[in-house]
Amino acid sequence: GDSVTQTEGQVALSEEDFLTIHCNYSASGYPTLFWYVQYPGEGPQLLFRASRDKEKGSSRGFEATYDKGTTSFHLRKASVQESDSAVYYCALIDSNYQLIWGSGTKLIIKP
Amino acid sequence: DMKVTQMPRYLIKRMGENVLLECGQDMSHETMYWYRQDPGLGLQLIYISYDVDSNSEGDIPKGYRVSRKKREHFSLILDSAKTNQTSVYFCASEGAGTEVFFGKGTRLTVV
């Protein structure tokens, strides 16, 4: 079946560091890809989405580019802040309209 | 203001008691979800509802049932709660453009 893989369970950075969280997917066709962010005590909320090859999604300084060739949608931010501490989920909706989640990556920002 | 509301936010129950978790949404979304979230396991899908009285099992339905008698309400029921059902439960609804809106979660402890 279709799947989403986030290889990092946890990432620890210092403020102003560059962030990359990896997301790879397995699905046929062109699934819609998402990044969600979950702050402590809250439910996940949409960060942004992308629906076609080479499309870039972005919000709040975060960005990711849909890459069908490498089946990836890696999340990046040039300079992280303490307020970015959260859990980040990659997800997709496949051709059967099934929503599939990655396992999540906890971002810890050291002050 | 689009909102998914979960009640209660915190709940402590004894093993063997029945548990009712309630969820409401004010967006007239057809599709709603129940997930549980445990440390290191991400979001696990319990049930999906496609509309009133149209429910499907997710990945971990055992020990749970759901009820959806009105489009805006979706309930999760645990008949005879078990200690391994201690978790944080999230309700979500899916809007146009496939964005998913989550509630703030219910932290259930079964002792």
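As shown above, the structure is provided for reference.
Here's what I pulled together on the structure shown here. (Residues numbered from 1 in each chain as written. Chains lettered and ligands numbered in written order. Predicted model: local features only at pLDDT ≥ 70, side-chain atom pairs only at ≥ 80, totals over all residues. Heavy atoms only, no water.)

1. So, the pattern of salt bridges
- Applying the stated criterion across every chain, the model contains 11 salt bridges over all chains.
- Salt-bridge contacts for A:E55 lead to A:R52; the nearest nitrogen and oxygen are separated by 3.5 Å.
- Of the charged contacts, one joins B:K69 and B:D53 as a salt bridge, the two residues approaching to 2.9 Å between their closest N and O atoms. In this pair, B:K69 sits in strand β7 (residues 65–70) while B:D53 sits in the loop between β5 (42–51) and β6 (54–57), placing the two residues 16 residues apart along the sequence.
- Taken together, the salt bridges that share partners define one network made up of B:E30, B:D51 and B:R71. (Salt bridge = Lys/Arg side-chain N within 4 Å of Asp/Glu carboxyl O. Helix = DSSP H or I, 4+ residues; strand = E, 2+ residues; numbered from the N terminus.)

2. Topic: the sheet that holds strand β3 (residues 19–25) of chain B
All names here are of chain B.
- Taken together, the four strands give an open sheet; going across it, the order is β1-β3-β8-β7, and neighbouring strands pair in antiparallel fashion. Both outer strands of the open sheet, β1 (4–7) and β7, are each paired with one neighbouring strand and no more. Neighbour-to-neighbour, the strand axes of the sheet open up by a mean angle of 20°, direction not taken into account.
- Pairing analysis gives four bridges linking β3 to strand β8 (residues 73–78), with the strands arranged antiparallel. Counterpart to L20 in the pairing with β8 is I77. (Pairing = 2+ DSSP bridges. Axes fitted to C-alpha atoms, helices over the stretch in contact; angles between N-to-C directions.)

3. Notes on the layout of surface pockets
- In this structure, the largest pocket spans a volume of roughly 720 Å³.
- If you go around the largest pocket, you meet 33 residues; those closest to its centre are A:Q38, A:V87, B:Q37, B:P39 and B:R107.
- The set of elements that each furnish at least two residues to the lining of the largest pocket consists of β10 (86–93) and β12 (105–110) of chain A together with β4 (31–38), β9 (87–94) and β11 (106–110) of chain B.
- In terms of residue count, β12(A) provides more of the lining of the largest pocket than any other element does, four residues in total.
- Class assignment for the residues of the lining of the largest pocket results in 13 nonpolar, 14 polar and six charged.
- If you trace the second largest pocket, you find 22 residues lining it, with A:Q98, A:L99, A:I100, B:L45 and B:I48 closest to the centre.
- Where the lining of the second largest pocket is concerned, the elements lending two or more residues are β11 (99–101) of chain A together with β4 and β5 of chain B.
- Tallying contributions element by element places β5(B) first for the lining of the second largest pocket, with five residues.
- Looking at the lining of the second largest pocket residue by residue, the classes come out as 11 nonpolar, eight polar and three charged. (1 Å grid on protein atoms, 1.4 Å probe; cavity = no way out; pocket = protein on both sides within 12 Å on 5 of 7 lines; lining within 4 Å. Points joined across faces, edges and corners; volume = space filled by probe spheres on them. Nonpolar A, V, L, I, M, F, W, Y, C, P; charged D, E, K, R; others polar.)

4. Some words on the state of the cysteines
- One pass over the full model with this rule turns up two disulfides over all chains.
- Sulfur-sulfur distance for the disulfide between A:C23 and A:C90 comes to 1.9 Å. Taking the torsion about the S-S bond as the criterion, the A:C23 to A:C90 disulfide, at about -65°, is left-handed. Of this pair, A:C23 sits in the loop between β3 (19–21) and β4 (24–26) while A:C90 sits in strand β10, and the two are 67 residues apart along the sequence. For the pair shown, A:C23 and A:C90 are each scored as buried.
- The residue that forms a disulfide with B:C23 is B:C91, at a sulfur-sulfur distance of 1.9 Å. Taking the torsion about the S-S bond as the criterion, the B:C23 to B:C91 disulfide, at about -75°, is left-handed. A residue pair is termed long-range when its members are at least 10 positions apart, and B:C23 in strand β3 and B:C91 in strand β9 qualify at 68 residues. Here the two residues B:C23 and B:C91 agree in accessibility, since each one is buried. (Disulfide = S-S within 2.5 Å. Buried < 20%, exposed > 50% of the residue type's maximum accessible area, 1.4 Å probe, protein only.)

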